[in-house]
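# Examining the three-dimensional arrangement
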Amino acid sequence: MRPVEFEITHICRQSGARTGILHTPHGDVETPMFMPVGTQATVKFISPEELYDMGAGVVLANTYHLWLQPGEDILVKAGGVQKFMNYHGPMLTDSGGFQVFSLSKLRKIEEEGVSFRNPRNGDKLFLSPEKSIHIQNCIGADIMMSFDECIPYPATYEYAKKSMERTLRWAKRGKDANQRPDEQALFGIVQGGDYEDLRDYCAEKLVEMDFDGYAIGGTSVGEDKTTMYRMVKWSQEKLPFDKPRYLMGVGAVNDLLEAVSLNIDMCDCVLPTRIARHGTLMTSQGRINISRPQYRDDFATLDPQCDCYTCRNYSRAYLHHLTRTKEGFGTRLLSIHNTRFLLKLMEEVRQAIKEDRYDDFKRETLANMKFDERGF
RNA sequence: GCGGCUAUGGUGAAGUUGGUUAACACACUGGAUUGUGGCUCCAGCACCCCAGGGUUCGAGUCCCUGUAGUCGCC
């Protein structure tokens, strides 16, 4: 018995997309799903109670950030991240691989691991597959991620190949280092840039190592949509059908809908919470920047089709006012809305799959939302 | 009434011995944001320096008059 088991519940006769249930030590969640990101053991501005209320399932936390602060020893003393932050649903930790890519200019990637500087204070840091898994064991989330290298786009074939092969070796080392394989699942991550044979090979080798699930990494790093969807497609062709597939870092509406068509079961993204902090909202009629002057005296509901706490209780004019005055409550209300918006979108996705009309749903949803090519 | 001081965009204000595209900040208006450095980043925003006249090759910068504000005195 694995710590995390995946059960496919329906395959859409129209699209081939699937619904499933992810069974975790902290409860079952339906897929396809969107996972809110709580980097520092909190989804910024949203309480655990609010997360339950809006139907959140898996919540992410970040190995890199929790390692630096408060430190993995504190997580152990707390009895794991769920107890620490009082969120009792399933959780997943990213390995820190992406942070090495995104936060640090001064880094040196070697076979043993990655040396880099803490961009905040200049401290010398070193992260390796073993160390990442050790910290993730301390954090204690239901699902852990392999420590991988996320390469930029574009990358040469030679570099993408070299990096992908190293990511495979790191995946093996991380798997061997896992001290709690019966309590915490571990996912492998497919890399390989935008090269079909590399993605294909990487997936095949990861499957030989037999992970609990498989993720697709190295996307949303500056490539265009067509390239990204190709990368996803190439990555998952060799993946076992009955294992969960996780597309990392994707949260634009059109990307989520396309990912589901490609049999992706899980996605996570900072997008809804990050853009909320800057006043941008996703609604059923398209994107809104609530700070614009036109909303000053707009007393309508933010999104009449949304059932979130914000839309049930507050007007656009009030949200505009809170945003202009930089009140923290405004940030909370906008973050709640955007997060619920994507969770609800995925509820509708699952319903459409179960009713064998996912292609129709995707087409109509994109038409109604009038998002631009970015998809939000 | 007399004397001094000041007068630059929506706001606070830089503007060197008069010399080119009027600093900076805030506000404002757009935009960005995809495995999170929350309160960020990028861009735009004074056809003109209270009004009028003068000196000068050239004036926000010098001179005169007016106006407004401000302080002091009667």
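Let us look at the structure shown here. Bear in mind that the values here come from a model prediction, so they are computed numbers and not experimental data. (Residues numbered from 1 in each chain as written. Chains lettered and ligands numbered in written order. Predicted model: local features only at pLDDT ≥ 70, side-chain atom pairs only at ≥ 80, totals over all residues. Heavy atoms only, no water.)

## With respect to the protein's contact with RNA strand B
As a reminder of what qualifies: Any residue with a heavy atom lying within 4 Å of a molecule or strand is counted as near it. What qualifies as a polar contact is a pair of N or O atoms within 3.5 Å, subject to a donor-acceptor requirement within protein and to the restriction that residues adjacent in sequence count only when both atoms come from side chains. By definition, any uninterrupted DSSP run of H or I lasting at least four residues is a helix, any uninterrupted run of E lasting at least two residues is a strand, and each is numbered from the N terminus. Three classes are used, and their members are as follows: Ala, Val, Leu, Ile, Met, Phe, Trp, Tyr, Cys and Pro are nonpolar, Asp, Glu, Lys and Arg are charged, and the others, Gly among them, are polar.
Taken together, the neighbourhood of RNA strand B is formed by 43 residues, with Q99, L103, G249, V270 and T273 sitting nearest. Counting only atoms of RNA strand B within 4 Å of the protein, the fraction found in sugar and phosphate groups is 58%. G218 is positioned with one of its backbone polar atoms (N or O) 3.4 Å from a base oxygen of RNA strand B. Those elements that place two or more of their residues in the surface near RNA strand B are β5 (59–62), α5 (97–103), β14 (266–269) and α11 (271–277). By residue number, the principal contributor to the surface near RNA strand B is α11, which donates five residues. Taken together, the residues that form the surface near RNA strand B break down as 17 nonpolar, twelve polar and 14 charged.

## Details of the packing of helix α8 (residues 196–209) against helix α9 (residues 225–236)
Our working rule: Where helices are involved, their axes are fitted lines through C-alpha atoms of the stretch in contact, as for all axes, and angles between N-to-C directions lie from 0 to 180°. In what follows, roughly perpendicular refers to angles from 65 to 115 degrees, roughly parallel to angles under 35, roughly antiparallel to angles over 145, and oblique to any angle outside these ranges. Each crossing gets its handedness from the near helix: less than a right angle anticlockwise from the far helix is left-handed, clockwise is right-handed. Residue contacts follow a heavy-atom distance rule, with two residues in contact if any of their heavy atoms lie within 4.5 Å.
In the contact formed by α8 and α9, the axes pass within 7 Å of each other and the chain directions differ by 40°. The orientation of α8 relative to α9 falls into the category oblique. As for how α8 packs across α9, the hand of that crossing is right-handed. Residue-level contacts link E196, R199, D200 and A203 of α8 to M231, W234 and S235 of α9.

## Here we look at helix α6 (residues 129–139)
Our working rule: Summary of the burial criterion: residues with accessible area below 20% of their type's maximum are buried, those above 50% are exposed, and those between are partly exposed, where the area comes from a 1.4 Å probe applied to protein chains only.
Among the eleven residues in α6, eight count as buried, and that is most of the element. Of all the residues in α6, the buried ones are P129, S132, I133, I135, Q136, N137, C138 and I139. G140 sits one or two residues past α6 and shows a positive phi near 80°.

## Some details on the sheet that holds strand β1 (residues 5–11)
In plain terms, the rule: A pair of strands is treated as paired once DSSP finds two or more bridges between them.
On the basis of which strands lie adjacent, the open sheet formed by three strands has the order β1-β2-β3 and antiparallel pairing. This sheet does not close on itself; its edge strands, each paired only once, are β1 and β3 (27–31). Averaged over neighbouring strand pairs, the angle between their axes works out to 20° when direction is ignored. Examined bridge by bridge, β1 and strand β2 (residues 18–24) share six bridges and lie antiparallel to one another. Within β2, the residue paired with I11 across the bridge is R18.

## Comments concerning the sheet that holds β14
Strand order across the open sheet formed by eight strands is β4-β14-β13-β12-β11-β10-β6-β5, with parallel pairing between neighbours. Both outer strands of the open sheet, β4 (33–36) and β5, are each paired with one neighbouring strand and no more. Averaged over all adjacent pairs, the angle separating strand axes in this sheet is 30°, with direction ignored.

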